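Structural description and commentary
So you can see what is in the structure, the chains are spelled out below.
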Amino acid sequence: MAGEGLLDLGEHRLKDLSAPERISQVGETGFPPLRSLHRTNLPVAATAFLGRTRELADLVELLGRQEVRLVTLTGPGGTGKTRLALHAAAEAADAYPDGVFWVPLAELRESELVLEEVARALGAEDDLAAHIAAKRALLLLDNFEQVVDAAPQLSTSLAACPNLHVLVTSRELLLLPGEQAYPVPPLEPQEGVELFLARAGAAAPGFVETSATRELCERLDNLPLALELAAARVRVLSPEQLLLRLGQRLDLLRAGRGVDPRQQTLRATIEWSHELLGPDEQRLFARLAVCRGGCTLETAEALCDADLDVLQSLVDKSLVRVRDEGRFWMLESIRDFAAERLEESGDAEQLRRRHAEYFLAFAEEADPQISHESKEWLDRLEREHDNFRAVLDRRSPAGEDELALRLAGSLSWFWATNGHVDEGVRRVDDLLRRFTRQVPARAKALNGAADLAAIAGEISTSRLRAEAALDLHRSLGNSAGAAHSLWQLGYAVTEEGDWAAPCGCSRRLSSSFASSVPSGRFSERRERSPTRCSGPASGSRPGPCTRRTCSGLVRSATETWRRRCSGRWG
Ligand SMILES: Nc1ncnc2c1ncn2[C@@H]1O[C@H](COP(=O)(O)OP(=O)(O)O)[C@@H](O)[C@H]1O
Ligand SMILES: [Mg+2]
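Residues numbered from 1 in each chain as written. Chains lettered and ligands numbered in written order. Predicted model: local features only at pLDDT ≥ 70, side-chain atom pairs only at ≥ 80, totals over all residues. Heavy atoms only, no water.

1. Overview of the sheet that holds strand S11 (residues 327-329)
Pairing is antiparallel across the open sheet formed by three strands, whose spatial order is S9-S11-S10. Sheet topology places strand S9 (295-296) and strand S10 (321-322) at the edges, where each strand pairs with a single neighbour. Of the strand pairs in this sheet, S9 and S11 are connected by two bridges, and their pairing is antiparallel. If you follow Thr296 over to S11, its bridge partner there is Arg327. (Pairing = 2+ DSSP bridges. Helix = DSSP H or I, 4+ residues; strand = E, 2+ residues; numbered from the N terminus.)

2. Remarks on the pairing of strand S7 (residues 164-170)
Counting buried positions over the seven residues of S7 gives seven, a clear majority of the element. On S7, burial covers both faces: Leu164, Val166, Val168 and Ser170 on one face and His165, Leu167 and Thr169 on the other are all buried. Pairing between strand S4 (residues 70-74) and S7: five bridges, direction parallel. Pairing of Leu70 across the sheet is with Val166, part of S7. In terms of strand pairing, strand S6 (residues 137-142) meets S7 through six bridges, oriented parallel. (Buried < 20%, exposed > 50% of the residue type's maximum accessible area, 1.4 Å probe, protein only.)

3. A closer look at the packing of aromatic side chains
To describe a pair of aromatic rings, one takes the distance between the centres and the angle between the planes. For the coordinates displayed, the defined rule picks out six aromatic pairs. Geometrically, the ring pair formed by Phe362 and Phe388 is stacked, given 6.1 Å between the ring centres and 10 degrees between the ring planes. Highlighted residues: Phe362 in helix H15 (residues 348-370) and Phe388 in helix H17 (residues 385-393), separated in sequence by 26 residues. Using a relative accessible area of 10% as the deciding quantity, one classes Phe362 as buried. An aromatic cluster of three or more residues is present, and its members are Tyr358, Phe359, Phe362, Trp377 and Phe388. Over the ring of Phe337 we find Arg341, and its NZ or CZ is 4.3 Å from the ring centre. Here the basic side chain of Arg380 rests over the ring of Trp377, its NZ or CZ set 4.5 Å away from the ring centre. (Phe/Tyr/Trp six-rings, centres within 6.5 Å; stacked < 30°, edge-to-face > 60°. Lys NZ or Arg CZ within 6 Å of the ring centre and 35° of its normal.)

4. Remarks on helix H7 (residues 211-219)
Every buried residue belonging to H7 is among Ala212, Thr213, Leu216 and Cys217, and all of these are buried. Within H7, the buried residues cover an arc of 135 degrees as seen down the axis, which keeps them to one side. One or two steps after H7, the chain reaches Asp221, where phi turns positive at roughly 55 degrees. (Arc of directions from axis to C-beta.)

5. Let's talk about the site of ligand 1
The environment of ligand 1 is formed by 20 residues, the closest being Leu50, Gly78, Lys81, Glu228 and Arg321. Glu228 places a polar side-chain atom, nitrogen or oxygen, 2.6 Å from an oxygen atom of ligand 1. When ligand 1 sits alone it has 550 Å² of accessible area, and the protein chains cover 95% of it. Every element with two or more residues in the shell around ligand 1 is listed here: helix H2 (81-91), helix H6 (189-203) and helix H8 (224-231). Partitioning the shell around ligand 1 into residue classes produces eight nonpolar, five polar and seven charged. (Near = heavy atom within 4 Å. Polar contact = N/O pair within 3.5 Å; in protein donor to acceptor, adjacent residues only side chain to side chain. Areas by Shrake-Rupley, 256 points an atom, 1.4 Å probe, with all protein chains shown as cover. Nonpolar A, V, L, I, M, F, W, Y, C, P; charged D, E, K, R; others polar.)

6. Some remarks on the sheet that holds strand S5 (residues 100-104)
Pairing is parallel across the open sheet formed by five strands, whose spatial order is S5-S6-S7-S4-S8. Lying at the two open borders of the sheet, with one neighbouring strand each, are S5 and strand S8 (179-183). Across the sheet, the mean angle separating the axes of adjacent strands is 20 degrees when strand polarity is ignored. Lying over the sheet, helix H3 (residues 114-122) contacts S5 and S6, oriented at roughly 140 degrees with respect to S5. The strands touched by helix H5 (residues 151-160) within the sheet are S4, S6 and S7, with S7 carrying the most contacts at an inclination of about 160 degrees. (Axes fitted to C-alpha atoms, helices over the stretch in contact; angles between N-to-C directions. Contact = heavy atoms within 4.5 Å.)

7. Regarding the side chain of Glu110
By the element assignment, Glu110 lies in the loop between S5 and H3. Here Arg426 takes part through its side chain, which lies 3.3 Å from a polar atom of the side chain of Glu110. A distance of 2.9 Å separates a polar atom in the side chain of Glu110 from a polar atom in the side chain of Arg427. Ignoring anything within four residues of it in the chain, the contact list for Glu110 reads Val147, Asp393, Arg426 and Arg427.

8. Considerations on a negative patch on the surface
On the surface, Asp280, Glu298, Glu301, Asp307 and Asp309 cluster together into a negatively charged patch. Within the secondary structure, Glu298 is located in helix H12 (residues 297-304). (Patch = residues over 30% accessible without salt bridge, like charges linked within 9 Å, V, L, I, M, F, W, Y side chains within 5 Å. Salt bridge = Lys/Arg side-chain N within 4 Å of Asp/Glu carboxyl O. Lys, Arg positive; Asp, Glu negative; His and termini not counted. Charge placed at Lys NZ, Arg CZ, Asp CG, Glu CD.)

9. Re unusual backbone geometry
Backbone geometry places Asn222, a non-glycine residue, at a positive phi of 50 degrees. Among the secondary structure elements, Asn222 is positioned in the loop between H7 and H8. Asn222 sits in the buried class, given a relative accessible area of 6%. In this structure, Ser318 takes a positive phi of about 65 degrees despite not being glycine. Its location among the elements puts Ser318 in the loop between helix H13 (308-316) and S10.

Structure representation (structure tokens):
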């Protein structure tokens, strides 16, 4: 829409969390600022948000209290914690001029990584607490139950950042002082019916409410995920039939004690939905559980032998979800169930092996590409990060550690450049300790460890790793790998301020590059390096060899080297 008297207000994410829209206003004055979302990474949901008026008001009020810094939404899987938290965060956004940040933690298994994930979401390059400082920001930590051990770290951040508010979703409380619990109630009966009707209408256009609908929703405890799974079947089963079949299933389960009834309802509904699948669907459903953080269509086909129609059918049945960028994934409760089916199938071990090899091949393909610092490759790696983590988290027999070590070596540069330095350091060091055979994978991982340590500011560790990498690469006859080690070694000794050493390094670097890199920009620098880096002058002032010269040399050398050695660097 454009025309006279219209003022273009640009693109805005409106607070109902729909996709950004171009907004115009009629006339030039007289309207308050738009209530839209800037500084946020809150995801846009594929379906409309329904009901929850009271809960939203409660949460906005709670977050508005200065003394309430941490609110935890609890409840079993499928209750609607995530959806409610996302909406409440969007509603409250005006109170947080410095931003509202969503940090999904469902796929994380290591509590040590929580703060690093938070730092990434905020774009914090240095210390997280220093980055947030007195800023007024809201953090939404989604699915904290897997990483509850990180609760004390969260407490420390809250203490250091006086205007930070945190909204958590978790199946259990964090048990921190000052934590405000907010158990998420079931939907109101009318809201439950609305949700069921909305999803049923999407599955079978023209679907109309029948007398059994309300009773069915009540039998499903108005639990959003259970309602969605049931509604996905209305093309084949009427609400009366659903009530009869699912009702029987639920009756059988009522015996269990000490468990939240909603948890039983969800379990029963997932089981029921699964039983109605055909053998091909059941097989694919179980196999998809091998991936963590979802997968692309190509991966589903190559790794899980997915047939497109079968995959589509799982999506239609609400068991698998698909995101805009073409990733297939499952809600946690459903994936847990699928993982149990995979274990029962007898295929699990072999499929995990294939999964590991598949993602190793991907990382090895990506590794030389990211040396060009291609954003596209970094993004692709980031999207598969949880799959890499799944491979690395499996405690494998010693023989398979070599695969993990190769993977870690190939991911080092990604970790170093994409905000995962701590994670990279821990993973590579751990694997180097566990797998000590003097093989190419180890040499490459040592180079990775040297890069990561340098970026973490652990210069002497970086030097030690680079030295070890250099020795091993030499004994294995890999000159490109050795050039990498030398470059990192040159950097480390320069940073350490050992003025005599870099010159030697630079020269060794030069000759190593000369043998692995034929000509070009580097040889120009090689000409200059021995004379310019001639060691410290006598007296206290450094002579021609300044820190800058040496670091500049190694930095520009590496750029050339990466370009030249792409595809064969070690
Ligand atoms: N108020 C709501 N409006 C629309 N859909 C909802 C609502 N609450 C939950 N859902 C849907 O129900 C499913 C489960 O909700 P989710 O927030 O993922 O639950 P939890 O985080 O408690 O496991 C999701 O597909 C979600 O989109
Ligand atoms: Mg959730």
